[in-house]
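This is what each chain is made of:
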Amino acid sequence: MTFINKLSAAWTANDSLLCVGLDPDMAKLPAQFQQDPQGIYHFCREIIDATADLACSFKPQIAYFAALRAEAQLEQICAYVREHYPHIPLILDAKRGDIGATAQQYAREAYDRYGADAVTVNPYMGSDSVDPYMDWADRGVIILCRTSNAGGSDLQFLNVDGKPLYQHVAQLVAQKWNRNGQCALVVGATFPEELAQVRAIVGDMPLLVPGIGAQGGDIAATVKSGRTANGTGMMINSSRAILYAPQQAGEDFAAAARRVAQETRDAINQYRA
């Protein structure tokens, strides 16, 4: 099954546009995991189990694992998703941006080592930084377009033939680079007007949308700007707000994460029609 097919099925099966980000921060993990050599794996596994029926995708951010020398635990986490939730897309958030043989090695890392269904890629070096990933014809390539950080405007709003650079990127991906039909774009929830403009350019291409939750993006504006005609088309990511949700009476960390994930999914669904 291709990335797009798996994503489309997950949107329907879980009635969800919510992407659960896995960004393990040792300082924020519950105490029982901080002295556990496998603590990152055990924590993420419980988050996955608690939210799997509420998510359309899982997105581990590789830097959080690499900084802690926990790549082996990331491999275990990816294997766990593939074994227990093979119907949910696994996105490796790596934002790789090299070319040629080096880019091909990054693709091998994402698709072969970690078994990801898709990987995030930086297109700053042009088509050469994206094309090597296309050798895996069934896998997704999620390309940075209009990112959620304020500083993204330093480059993404530069004028290119009368339109901002991020729109030029969206047009390139939609019209020239998407040769396997498995591309998607990263567009931040913090800029709903730009999100709507990207949607108009790329049609039904999926959008990975960071910026709600801890970054403060407005859910209603995000969904209304980025949804497709059938009320799908987005993977709206929330990481910290779910992973480190404040616990209410009688809850452990996993129950709190599930509650916030369900609240977020349901809030998103209010605006899909």
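Structure's up top.
Residues numbered from 1 in each chain as written. Predicted model: local features only at pLDDT ≥ 70, side-chain atom pairs only at ≥ 80, totals over all residues. Heavy atoms only, no water.

1. Let's talk about the overall build of the protein chain
Counting secondary structure elements, the protein chain contains twelve helices and ten strands. Relative to its length of 273 residues, the protein chain is compact, with a C-alpha radius of gyration of 18 Å against a globular reference of 19 Å. For the protein chain, the spread of C-alpha atoms along the three principal axes comes to 55 × 40 × 35 Å. Here the protein chain holds 273 residues, and the buried ones make up 55% of them. (Helix = DSSP H or I, 4+ residues; strand = E, 2+ residues; numbered from the N terminus. Rg over C-alpha atoms; globule rule 2.2 N^0.38 Å. Buried < 20%, exposed > 50% of the residue type's maximum accessible area, 1.4 Å probe, protein only.)

2. Quick look at helix H10 (residues 219-226)
Within H10 the residues assigned to the buried category are Ala220, Thr222, Val223, Ser225 and Gly226. Check the buried side of H10 and you find it contacts helix H9 (192-202), strand S9 (207-209), strand S10 (234-238) and helix H12 (253-269). With a side-chain oxygen positioned 3.3 Å from the backbone nitrogen of Ala220, the residue opening H10 is Asp218. (Contact = heavy atoms within 4.5 Å. Polar contact = N/O pair within 3.5 Å; in protein donor to acceptor, adjacent residues only side chain to side chain.)

3. Points about the pattern of salt bridges
The tally for this structure, following the rule as stated, stands at 14 salt bridges. Two residues, Arg113 and Glu75, come together in a salt bridge whose shortest N-O distance is 3.0 Å. You can see Arg113 sitting in helix H6 (residues 100-113) and its partner Glu75 sitting in helix H5 (residues 71-84), a full 38 residues away along the chain. Judged by its relative accessible area of 38%, Arg113 is partly exposed. Here Glu75 falls in the partly exposed class, since its relative accessible area comes to 31%. A salt bridge links Lys95 to Asp93; the shortest N-O distance between them is 2.8 Å. The class of Asp93 is buried, set by a relative accessible area of 6%. Beyond isolated ion pairs, a larger network of salt bridges with shared partners links Lys59, Asp93 and Lys95. (Salt bridge = Lys/Arg side-chain N within 4 Å of Asp/Glu carboxyl O.)

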